[in-house]
Amino acid sequence: MSCDQCREREAVIHLTQIVNEQVTTLHLCERCAAEKGVDSPGAVAKTPLGSFLAAMGKELPEQSPTPRSSDTCATCGASLQDFRESGRLGCPDCYRSFEVPLRDLLRRLHGSTHHLGERYAERGDGTANGRERAAELREQLRVAVESENFELAAELRDRLRVME
Amino acid sequence: MIDLSLLTDGGVGWLDASGPASHLVLSTRIRLARNLIGHIFQVRNSETEREEILDSVERAARDTVLLRRATKFRLDRMDRIDRQLLHERHLVSKELAGLDPEGRARSGASVLVQDRLGVMLNEEDHLRLQGLHSGFALEQTYAEVDRLDAELGQRLAFAFHAEFGYLTSCPTNVGTGLRASVLIHLPGLVLTKEISKVLQGLAQVGLTFRGLYGEGSEVVGNFFQLSNQTTLGSSEHELLDHLGKMVRQVMDYEEQARQVLLRDAPAIIEDKVWRAYGLLRYARSLSFEEAMNLLSGVRLGVGVNLIPDVGMYTLNKLLIYTQPAHLAVAEGVTPDESDLPVRRARFVRKVLESEVGRRG
C-alpha cells in the first residue's frame, strides 16, 4: 500500500482517527508521518522509557509557557531529541539544560523530584568533618581494642592512616 | 586466560550460603550509580575521556582502605570467554562485558574488585559501586557500599544536584543512584501457580523483578531478582526497608506454598525432587537450562528436608560452575563446543558423587 500523502513510498503507519463520529484511516509512509507529527510507535516503544519520552517531548510546548528549555546542552551538545532516542542524557549539565521537561519526567518515573537520600559533601569542606571523623574512628578503635576485636581494629587503624 | 585466583575468594564468596535465609536467598546485591563532575556521560564521551575517568578513579581507589588491594580487570583487553566468566560470577553487568552477539567491551570498560566490594568503570555511568553478599543481607551490604561511597566521595568530585541528588546518565537512576536486588529462589510459588499474583503485587508497590542475570535476563531455575524500581524521593534506608519488608513477605508466601505442597501433594513433590536429583546424579548430557531446572528441584528438596545429603553451598557452586563460560574454562574448551552438555553432566555427577561420599 502506498502512502496517502506522497503516493510514492510504502505506507507503514496506519492512523485511525475519529472526527465528528466519522472514522477515517490514513496510511502514511515514515517520512510523511514524521512531517505530520505522527510518531511511528515502534521507534519509541522499544526503550522502557519510550512512552514517557514520547509524551515528554509533545507536552513540552504547552506545559512550559515560561522559558523553554534550550534546544541543546551547552556542555555536551546533546539535544532533547538525542535523549528521546537513546533514553540517556549526555552529561551532568543536561539536568540543568533540560530542567523543565526533566522535572516532569522525574515526577512520573519516581513520583517525586526531591532527593531525600544522603547528600554529597563537596571535597574541600572536609577539613572540619575530617577531624571529627578521625576522632570518631579513634574512639571506635579504642573500643575495638578493648573488646579484642582485632580484625576491626586493624581496619580502623588503616583507615586512620589513610586520613592522616 | 584471566587468573581469578587473584581474587581472595575467587570472586564467589557470596555463594557460600553463610548469609541469613540462605535456603531461599542466594545473594543480596546493592549498587550505587555515580558520575564525575567535568566529564561527559558514557553515551557521548570519547575513548580518551574514558581513559581519564579510569585513571582518576583507580588513583582514588588505591588511596582507600576498601579498594586499596583491588584486582583490576580491563574488560576491553580481555577475551570474550573471560568477560563472560566475570559476568557469570555477577562481578560485571552484561553491558560492561559486551556480551551481545558480535559484542565487544567498549574501550575503558573495567572493574575493580576487592572482597565483597567492587566498582564497575565506564558502564552506563562513570562508576557503579557494588556490594555483593551471601543470603538476605540488605543493611549489611548497604553499610559496606556506603563506606566505599564515602571513601571514594572524599577523593573524587561526584555530580550532585541540590534537588535531584546524584546525577546519572539515565533518569531512572537519579537521586540515590541505589538499586538493591535480592536473588531469591521461589519454586513453591511457581509450582502452586501463585507466582504471577505475587509478581503483580510487587509491581504495585514499586518493586520489579528480573532473571538470574539482572536486566534483560530471563527467569531460569525459578530464581528471581527482586529490586526497587524508583531511586528518587525516598532515602536509602527507606528504599531498603521497603524492599526488605516485601522480600520477607515473599519469603513467607514461599514457605507457605511449600507447606501446602507437602501437605496436599507429598507424593508428587517427593517424586519431583528425587527425580531431579536422580537425573543430576546419573544423566549423561545436560543442557544449561535443564541443569538449572534440575538444580532448582534439588534445592527445593534440600530446603524442605527431603534430600539430606546435599549442601546449599554445593548447589550454589553448581549453579555457577555449570554456566557455559565456567564449564568451558574448567574443561579447557570453548563455550560453543558441541559436547558441552556431555561435559556438564559429567561435571555435575562428579561433584554430587564426592558430596555424597564426603557426607557419607
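On a predicted model such as this, the values are computed, not experimentally measured, just so you know. (Residues numbered from 1 in each chain as written. Chains lettered and ligands numbered in written order. Predicted model: local features only at pLDDT ≥ 70, side-chain atom pairs only at ≥ 80, totals over all residues.)

J.: Which residues make up the overall build of chain A, and what are the values?
T.: Within chain A, the secondary structure is distributed over 8 helices and 2 strands. Counting the 164 residues in chain A, one finds 23% classified as buried. For chain A, the proportion of contacts with a sequence separation of at least 24, taken over those separated by at least 6, is 30%. (Helix = DSSP H or I, 4+ residues; strand = E, 2+ residues; numbered from the N terminus. Buried ≥ 20, exposed ≤ 12 C-beta atoms within 10 Å, placed from the backbone. Contact = placed C-beta atoms within 7 Å.)

J.: Talk me through the sheet that holds strand 2 (residues 71-74) of chain B; I want residue IDs and the actual numbers.
T.: Sheet strands pair by backbone hydrogen bonding; their relative direction is either parallel or antiparallel. Residue and element names in this part refer to chain B. On the basis of which strands lie adjacent, the open sheet formed by 8 strands has the order 2-3-4-5-1-8-10-9 and antiparallel pairing. The open sheet has two edge strands with one neighbour each: strand 2 and strand 9 (207-210). Between one strand and the next, the sheet's axes are offset by a mean angle of 20°, whatever the strand orientation. Judged from the 4 bridges that link them, strand 9 and strand 10 (residues 223-228) form a sheet pairing that is antiparallel. Pairing of L207 across the sheet is with N228, part of strand 10. Each of strand 2, strand 3 (110-114), strand 4 (117-121) and strand 5 (127-134) is contacted by helix 1 (residues 47-62), which is oriented at about 165° to strand 4, the strand it contacts most. (Pairing = 2+ DSSP bridges. Axes fitted to C-alpha atoms, helices over the stretch in contact; angles between N-to-C directions.)

J.: Before we move on, could you go through helix 1 of chain B and cite the residues and values that matter?
T.: Residues and elements named next belong to chain B. With 16 residues, helix 1 extends 22 Å from end C-alpha to end C-alpha; this agrees with the ideal 22 Å at 1.5 Å per step. Regarding helix 1, the residues found buried are R50, I53, L54, V57 and A61. All buried residues of helix 1 lie within an arc of 100° about the axis, which places them on one face of the element. Projecting away from the buried face of helix 1 at angles above 90 degrees are the exposed residues T48, D55 and R59. Buried residues in helix 1 make contact with strand 3, strand 4, strand 5 and helix 4 (138-155). (Expected span 1.5 Å × (residues − 1). Arc of directions from axis to C-beta.)

J.: Can you explain the confidence of the model for chain A? Please cite residues and give values.
T.: All names here are of chain A. Mean pLDDT over chain A stands at 71; residues scoring 70 or higher make up 59%. Averaged pLDDT values over the elements of chain A bottom out at 39 in helix 2 (residues 41-45) and peak at 94 in helix 5 (residues 94-97). Overall, residues 59-69 carries pLDDT values under 50, and its contacts beyond four positions in sequence, including any with other chains, amount to 9 contacts. When the criterion is pLDDT under 50, residues 123-128 qualifies, and its contacts beyond four places in sequence or with other chains add up to 4 contacts. (pLDDT = per-residue confidence, 0-100.)

J.: Outline helix 9 (residues 288-303) of chain B, listing residues and values.
T.: All names here are of chain B. Counted at 1.5 Å a residue, the expected span for helix 9 with its 16 residues is 22 Å, and the 22 Å between its end C-alpha atoms agrees. When you tally the buried positions in helix 9, you get 12 out of 16 residues, the bulk of the element. Residues of helix 9 that are buried include every one of A291, M292, L294, L295, S296, G297, V298, R299, L300, G301, V302 and G303, and no others. After helix 9 finishes, the residue N305 shows a positive phi value of roughly 60°.

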